[in-house]
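# Descriptive structure summary
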Amino acid sequence: GENVEQHPSTLSVQEGDSAVIKCTYSDSASNYFPWYKQELGKRPQLIIDIRSNVGEKKDQRIAVTLNKTAKHFSLHITETQPEDSAVYFCAASLHGTSYGKLTFGQGTILTVHP
Amino acid sequence: EAQVTQNPRYLITVTGKKLTVTCSQNMNHEYMSWYRQDPGLGLRQIYYSMNVEVTDKGDVPEGYKVSRKEKRNFPLILESPSPNQTSLYFCASSPLAVGISYNSPLHFGNGTRLTVT
C-alpha cells in the first residue's frame, strides 16, 4: 500500500518568513495530493490540493509543488503569520477508481513567532 | 448547516466494554471514512465506505467494526476496547463514490477523544 513520509515533524519560523514542508510517497500510481491544516483542538481542513498532471498550484500565500519522477511534493507558505500556526498534514490518494484510501503523512507542527 | 457530526466528543471507558461512536452527515455524501489520530503517527484510516452497504478496511482496521445501513450514518464500533485504542477519532465524508479527489474533498467531523483504561 501507499506510504507517505512527511518532514520536518516540527518547524519554527519568525513572522514574515517562509515555511516549507516536504512529503514523499511510495506508490507511483497515486495521483491526488491534498494538504490539510489542523488548528489546536479543531478538525483538519483542506487548504490546497494538487493533481498529478499539474506541477505547481498557488493560492495566495500558499503553494504546492509536485515532482512525480521523484515522488515528492511540498507545501510552501510565504509571509507567514501567527495564525498559520497549526499542524499540517500531507496526503496521497488514487483518484478516479473505486480505491477509497487516503494515506496521510505524520504531520508537521508549524509555529510562527510574532 | 452542512456538517459531519460525531458523538460523543469525549468518552472514557474501561477495557472490554463495547462502545459505539456515531457519525452522521447531512450533505448527501456517498463516501464516509474513519480515522484515528495519534501523536507522531498522523491520521490513519480505519475503515471507509464508498456507498450504502459497501465498506472496506483502511490501514488499521483491527479491533474496529463499521456499518453503513443508511447513506447519512457511519457508526464506529469497538466490540472490546483496549487501552491501545485510546486516541482521537475523526469521521469524514466526501461527495463522490470514487474516493478522494480534487472534486471530492474530505470534510471532517469535530472528533471524538476516546480514553480506554
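As shown above, the structure is provided for reference.
Residues numbered from 1 in each chain as written. Chains lettered and ligands numbered in written order. Predicted model: local features only at pLDDT ≥ 70, side-chain atom pairs only at ≥ 80, totals over all residues. Heavy atoms only, no water.

## Some details on the state of the cysteines
Residues and elements named next belong to chain A. To keep things clear, this is the line we draw: Two cysteine sulfur atoms make up a disulfide if the distance between them is within 2.5 Å. In DSSP terms, a helix is any run of H or I states spanning at least four residues, a strand is any run of E spanning at least two, and both are numbered starting from the N terminus.
Taken as a whole, this structure holds two disulfides over all chains when the rule is applied. Between the sulfur atoms of C23 and its disulfide partner C90 the distance amounts to 1.9 Å. Note on the C23 and C90 pair: the S-S dihedral is about -100°, so by sign convention the disulfide is left-handed. Of this pair, C23 sits in strand β3 (residues 19–25) while C90 sits in strand β9 (residues 86–93), and the two are 67 residues apart along the sequence.

## Considerations on the pattern of salt bridges
Residue and element names in this part refer to chain A. Formally: Salt bridge, as applied in this entry: a Lys or Arg side-chain nitrogen positioned within 4 Å of an Asp or Glu carboxyl oxygen. Residue exposure (1.4 Å probe, protein chains only): buried if accessible area is under 20% of the type maximum, exposed if over 50%, otherwise partly exposed.
Counting across every chain of the model gives 10 salt bridges over all chains. When the shortest N-O distance is used, the salt bridge between D49 and K57 registers 2.9 Å. According to the relative accessible area criterion, D49 is buried, its value standing at 8%. Three or more residues are tied together by salt bridges with common partners; here these are K37, E39 and K42.

## Here's the deal with the side chain of A:K37
All names here are of chain A. Condition: Counting of polar contacts relies on pairs of N or O atoms within 3.5 Å, with two restrictions inside protein: one atom must be capable of donating a hydrogen and the other of accepting it, and residues adjacent in sequence are counted only when both atoms are side-chain atoms. Contacts: residue pairs with any heavy atoms within 4.5 Å of one another.
One can find K37 in strand β4 (residues 32–38). Judged by relative accessible area, K37 falls into the buried class, the value being 16%. A polar atom in the side chain of K37 sits 3.0 Å from the backbone oxygen of E83. When sequence neighbours within four positions are dropped, the list of residues in contact with K37 reads R43, P44, Q45, I47, E83, D84, A86, V87 and Y88.

## Topic: the layout of surface pockets
One simple way to see leftover space: roll a probe sized like a water molecule over the atoms. Residue and element names in this part refer to chain B. Short version of the rule: Buriedness for pockets is judged along seven lines, at least five of which must meet protein on both sides within 12 Å for an open set on the 1 Å grid over protein atoms alone, while cavities are sets there where a 1.4 Å probe fits but cannot get out, and lining residues have an atom within 4 Å of a point. Grid points are joined across faces, edges and corners, and a volume is the space filled by probe spheres set on the points. Following the grouping adopted for this structure description, the nonpolar residues are Ala, Val, Leu, Ile, Met, Phe, Trp, Tyr, Cys and Pro, the charged ones are Asp, Glu, Lys and Arg, and the polar ones are all others, Gly among them.
By volume, the largest pocket is sized at about 540 Å³. A per-element tally of the lining of the largest pocket places strand β9 (residues 87–94) first, with three residues. The residue makeup of the lining of the largest pocket, split by class, is eight nonpolar, 13 polar and five charged.

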